[in-house]
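What follows is the residue order along each chain.
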Amino acid sequence: MPDHFSLLLEWRRNEAATRGLAKIPNDFYAATTAYLAEVRRSYEADLRENPSGRKGEISRQTYQRASQVARDIVEGRTQKVLTFAFQASIGGARDLPNSLAEERALYDRLIAGLLEHRRTVAPYLEPNEAAAASRPAAPPSVAPAVPPPAKPVPAAAARTAAPVFVRILQDGRPVEVGAETLDLRQEDVVSLPADTAQLLVRAKVAEPVATGPSFPNVT
């Protein structure tokens, strides 16, 4: 079996010869890290034992060359992952053939970061975001404020209480008045029971309207 240094040279040649990721062993990162650490320990031990010895110097040069070859492989593959992640973020395919587990994790993080960046600084580039931004906002629904508990009113007085006229200031939820349900619209003028009118005025959905003999009885 070829030594790891020879394998590094072969993997670098293969990586430079293809636009995509070349096929390399799944344990490339771990095995290369272990190999370089072992070569470094070896040459450091040889140089401590014999600083002017040829064996230690050869080991040191091997470590330097192997480190450079490994760096070329890692940086070449990382550049490809960056390119493919950008293409995927703008609608390209998301498959990444021959990627190792470490590279796939980086690839997924890059896509997520690029998509978030586009949504944040340029939402108009995303069709769904642009469509949502172009739709007018729906008018807020205004619920009548809950009034404080009222004192009981005799039934006779409740039946004879005069209605109150109010002008509706904004569209809101339908209001139940007795057995009827009124769909209130802005600028409507309606006559309501005093308690219902008071609720709408407190909620700033309506305002009181002065009435007179000639005022239309609009409901």
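Here the structure is a predicted model, which means the values were calculated and not measured.

S.K.: So, the overall build of the protein chain: which residues are in play, and what are the values?
M.R.: Assigned secondary structure in the protein chain consists of seven helices and five strands. Reading the secondary structure of the protein chain in the N-to-C direction produces α-α-α-α-α-α-β-β-β-β-α-β. When the 219 residues of the protein chain are sorted by exposure, 27% land in the buried category. For the protein chain, restricting intrachain contacts to residue pairs at least 6 apart in sequence, the fraction spanning at least 24 positions comes to 61%. Element-wise, carbon and sulfur atoms account for 56% of the exposed surface of the protein chain, whose accessible area totals about 14,800 Å².

S.K.: Can you tell me about the confidence of the model for the protein chain, naming the residues and giving the values?
M.R.: Per-residue pLDDT for the protein chain averages 80, and the proportion of residues at 70 or more is 76%. The weakest mean pLDDT in the protein chain belongs to helix 6 (residues 155-160) at 43; the strongest belongs to helix 1 (residues 4-16) at 97. The low-confidence segment residues 129-134, where pLDDT is below 50, has four contacts with residues more than four positions distant or belonging to other chains. Within the model, the stretch residues 212-219 combines pLDDT values under 50 with 14 contacts to residues more than four positions away or in other chains.

S.K.: Summarise the pairing of strand 4 (residues 189-192); cite the residues concerned and give the values.
M.R.: Side chains Val189 and Ser191 of strand 4 all project onto a buried face; the interleaved residues Val190 and Leu192 project onto the opposite face, where all are buried too. As judged from the four bridges shared by strand 1 (residues 164-168) and strand 4, these two strands associate in the antiparallel manner. From the neighbouring strand, Val166 faces strand 4, where its bridge partner is Val190.

S.K.: Kindly report on the pattern of salt bridges, identifying the contributing residues and their values.
M.R.: Two side chains carrying opposite charge are able to pair once their charged atoms lie near each other. One pass over the structure, following the stated rule, counts nine salt bridges. Notably, a salt bridge pairs Glu38 with Arg41, separated by 2.7 Å at the nearest N-O pair. In this pair, Glu38 and Arg41 are both assigned in helix 2 (residues 28-49), three residues apart and thus about one turn of the helix distant. On the basis of relative accessibility, which here comes to 44%, the residue Glu38 falls in the partly exposed class.

S.K.: Can you break down the side chain of Arg118 residue by residue, with the values?
M.R.: Relative to the helices and strands, Arg118 resides in helix 4 (residues 101-121). Here Arg118 falls in the buried class, since its relative accessible area comes to 18%. Apart from residues no more than four positions distant in its own chain, Arg118 is found in contact with Ser89, Ile90, Pro123, Leu125 and Glu126.

S.K.: Go over helix 4 with me, naming the residues and quoting the values.
M.R.: Every α-helical turn comprises 3.6 residues, leaving residues that sit three or four positions apart pointing alike. Relative to the 30 Å expected for 21 residues at 1.5 Å per residue, helix 4 spans 31 Å between its end C-alpha atoms, a close match to the ideal helical length. Looking at the buried residues of helix 4, the elements they touch are helix 2 and helix 3 (54-89).

S.K.: Hey, could you go over the packing of aromatic side chains for me, with residue numbers and the actual values?
M.R.: A full pass over the atoms with the stated rule returns three aromatic pairs. With 5.6 Å between their ring centres and 80 degrees between their planes, Trp11 and Phe28 make a pair best called edge-to-face. Residue Trp11 is found in helix 1, and its partner Phe28 is found in helix 2; the two are separated by 17 residues along the sequence. Summarising the burial analysis for this pair, Trp11 and Phe28 share the class buried.

S.K.: Summarise the side chain of Arg77; cite the residues concerned and give the values.
M.R.: Secondary-structure assignment places Arg77 in helix 3. Here Arg77 falls in the buried class, since its relative accessible area comes to 0%. Within the structure, Arg77 has its side chain in polar contact with the side chain of Glu15 (distance 2.7 Å). Sequence-distant contacts of Arg77, defined by excluding residues within four places in its chain, comprise Glu15, Leu21, Ala22, Ile24, Asn98, Ser99, Leu100 and Glu103.

S.K.: Provide a residue-level description of the pairing of strand 1, including the pertinent values.
M.R.: The pairing of strand 1 with strand 5 (residues 206-208) spans three bridges and is antiparallel. The residue of strand 5 that forms the bridge with Val166 is Pro208.

Cut-offs applied
- Residues numbered from 1 in each chain as written.
- Predicted model: local features only at pLDDT ≥ 70, side-chain atom pairs only at ≥ 80, totals over all residues.
- Heavy atoms only, no water.
- Helix = DSSP H or I, 4+ residues; strand = E, 2+ residues; numbered from the N terminus.
- Buried < 20%, exposed > 50% of the residue type's maximum accessible area, 1.4 Å probe, protein only.
- Contact = heavy atoms within 4.5 Å.
- Areas by Shrake-Rupley, 256 points an atom, 1.4 Å probe, with all protein chains shown as cover.
- pLDDT = per-residue confidence, 0-100.
- Pairing = 2+ DSSP bridges.
- Salt bridge = Lys/Arg side-chain N within 4 Å of Asp/Glu carboxyl O.
- Expected span 1.5 Å × (residues − 1).
- Phe/Tyr/Trp six-rings, centres within 6.5 Å; stacked < 30°, edge-to-face > 60°.
- Polar contact = N/O pair within 3.5 Å; in protein donor to acceptor, adjacent residues only side chain to side chain.

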